[in-house]
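The lines below spell out each chain.
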Amino acid sequence: MTTTAEMKNTAVERGHYRRPTAAERSAEGRAKETPRGRVSVAVYAEDLILRTGVEHQIRPRPEIELIADAEADRAQVSLVVVDMVDERTVQLLQRLQRNTTTRTGLVVGFFESGALQTMIECGVAAVLRRGEANQDSLVHLVTAMANGEGVLPGDLLGKLLDHVSSLQRTVLDPRGLSLSTLTTREAEMIRLVSEGYGTAEIAQKTSYSERTVKNVLHEVVTRLELRNRAHAVGYTMRHGLI
C-alpha cells in the first residue's frame, strides 16, 4: 500500500504538489492551537491583585482566549477592572476607544451616578459590578460584547434611559434636533412621504414652502447617500428613525 508520504513525494516529483512555506506552516499551527469561536480578551486593572483575580476566573473557560499585553490591540474585548471611575480610568478608556476593533467592558467596585455620562462618552459597551463578578457573569459579559450586545445592571439601565430622555427634552427638543440622524422637521417630512403625500401636500401640512420641503428632503437623501425619496423612506423605517 502507498503511504501518504510516498504519495506526496510522487506528487512533488510530478510538479503537482507544493510544499507549504514556513509562514503557512506557522499559520496552520496557530489555527490548530486556537479553537474557533473563542473570544480574545485583554485585561486591564489598576493593580495586580484585581487583574490576577479576573484572569484566574476566566482563564479556564474554553470560550475565552486571554491575550498577552504585547498583543492586547488585537483583542476582541478589553476588560477594565477598577475600584471606581477616576481620571486615570477615563484616560485608559479613551485610549482603548481609539481601537475601533475592540469593545470595552468595565468591571467596577463603586459606580457613581455622574460616571454614567463618562462611560457613554468613552464608548463602554458593558458594565458589571465587582461584587457580582464571578466566572459565569464575566464570561457572559465578554461573549455578549463579542456578539455586539451591551450589558448593564438594571438600575444603571434605568438611569441611562432617564439620562437620554432628559437630554432629548432639555437640549435637543428646544433646538429642533433628535438623537437620530434626522432633525424633527426632517423626520416629519419623511414620515409624510411614507404616507403618500406629495411636495405640495407636505408644504401645506407643515406650513413650509414647497421649495423648503424640496430642499429638506434633498438634504436628507444627499446626507444619508440615498438614491431618492423612496429609498429615504425605506432606510429611515429600517433604522427606526421614523
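It should be emphasised that the depicted structure is a prediction, and the values quoted were computed from it without experimental measurement.

## Considerations on helix α8 (residues 184-194)
Next up, step 1: Looking only at α8, the buried set comprises E186, A187, M189, I190, L192 and V193.
Next up, step 2: Turning to α8, the residues buried within the fold contact α9 (199-206), α10 (210-223) and α11 (229-238).
Next up, step 3: Note on α8: the residue one or two positions beyond its end, G196, has a positive phi of about 95°.

## Brief notes about the confidence of the model for the chain
Next up, step 1: Looking at the chain as a whole, its pLDDT mean stands at 81, while 79% of the residues score no less than 70.
Next up, step 2: Counting interchain partners and residues more than four positions distant, the pLDDT-below-50 stretch residues 7-18 has eight contacts.
Next up, step 3: Predicted confidence for residues 22-35 stays below pLDDT 50, and this span has four contacts to residues more than four positions away or in other chains.

## Notes on the packing of α8 against α9
Next up, step 1: It is the contact of α8 with α9, at a shortest axis distance of 10 Å, that shows an interaxial angle of 135°. Judged by the inter-axis angle, α8 sits oblique to α9. Here α8 and α9 pass one another in a crossing that is right-handed. Residues E188, M189, L192 and V193 of α8 form the contact with α9, whose participating residues are I202, K205 and T206.
Next up, step 2: Considering only residue class, the contact of α8 with α9 consists of four nonpolar, one polar and two charged.

## Notes on unusual backbone geometry
Next up, step 1: At S207, a residue that is not glycine, the phi angle is positive and equals roughly 65°.
Next up, step 2: The phi dihedral of E225 is positive, around 55°, even though this residue is not glycine.
Next up, step 3: If you trace the backbone, E225 turns up in the loop between α10 and α11.
Next up, step 4: What makes E225 exposed here is its relative accessible area of 71%.

## Focus on the sheet that holds strand β1 (residues 39-45)
Hydrogen bonding along the main chain pairs the strands of a sheet, whether they run parallel or antiparallel.
Next up, step 1: Read from one edge of the open sheet, five strands run β2-β1-β3-β4-β5, paired in parallel fashion. At either margin of the open sheet sits one strand with a lone partner, and together these are β2 (64-66) and β5 (124-129). The mean angle between the axes of side-by-side strands here comes to 30°, regardless of whether they run parallel or antiparallel.
Next up, step 2: In this sheet, β2 lies alongside β1 in parallel orientation, the contact comprising three bridges. Bridge pairing links S40 to E65 in β2.
Next up, step 3: Running over the sheet, helix α4 (residues 87-97) touches β1, β3 (77-84), β4 (103-110) and β5 and is turned about 170° from β3.

## A look at the packing of α9 against α10
For any two helices packed against each other, one specifies the crossing angle of their axes together with the interaxial distance.
Next up, step 1: Between α9 and α10, the shortest axis-to-axis distance is 8 Å and the interhelical angle comes to 105°. As the angle between them shows, α9 and α10 are arranged roughly perpendicular. Residues T199, A200, I202, A203 and T206 of α9 form the contact with α10, whose participating residues are E210, V213 and K214.
Next up, step 2: Looking at the contact of α9 with α10 residue by residue, the class counts come to four nonpolar, two polar and two charged.

## What to know about the nonpolar core
Next up, step 1: Formed by 23 residues in total, the largest nonpolar core has its most connected members in Y44, V80, V85, L106, V108, F111 and V127.
Next up, step 2: Taken together, the elements giving at least two residues each to this core come down to β1, β3, α4, β4, α5 (115-121), β5 and α7 (154-172).
Next up, step 3: Considering every element that reaches this core, the biggest residue donor is α4, with four residues.
Next up, step 4: By size, the runner-up hydrophobic cluster in this structure holds 21 residues, among which are I64, A126, A144 and V151.

## A closer look at α11
Next up, step 1: Of all the positions in α11, only H231, A232, V233 and T236 are classed as buried.
Next up, step 2: Contacts made by the buried residues of α11 are with α8 and α10.
Next up, step 3: Looking at where α11 begins, the residue whose side-chain oxygen comes 3.2 Å from the main-chain nitrogen of A230 is N228.
Next up, step 4: One or two steps after α11, the chain reaches G240, where phi turns positive at roughly 65°.

## What to know about the pairing of β5
Next up, step 1: Along β5, five of the six residues are buried, which leaves the element largely enclosed by surrounding structure.
Next up, step 2: One ladder, built from five bridges, connects β4 with β5; its direction is parallel. By the bridge assignment for β5, V107 is matched with L128.

What counts as what
- Residues numbered from 1 in each chain as written.
- Predicted model: local features only at pLDDT ≥ 70, side-chain atom pairs only at ≥ 80, totals over all residues.
- Heavy atoms only, no water.
- Buried < 20%, exposed > 50% of the residue type's maximum accessible area, 1.4 Å probe, protein only.
- Helix = DSSP H or I, 4+ residues; strand = E, 2+ residues; numbered from the N terminus.
- Contact = heavy atoms within 4.5 Å.
- pLDDT = per-residue confidence, 0-100.
- Axes fitted to C-alpha atoms, helices over the stretch in contact; angles between N-to-C directions.
- Parallel < 35°, antiparallel > 145°, perpendicular 65-115°, else oblique.
- Left-handed = near helix turned anticlockwise from the far one by under 90°.
- Nonpolar A, V, L, I, M, F, W, Y, C, P; charged D, E, K, R; others polar.
- Pairing = 2+ DSSP bridges.
- Core = buried A, V, L, I, M, F, W, Y, C linked by side-chain atoms within 4.5 Å.
- Polar contact = N/O pair within 3.5 Å; in protein donor to acceptor, adjacent residues only side chain to side chain.

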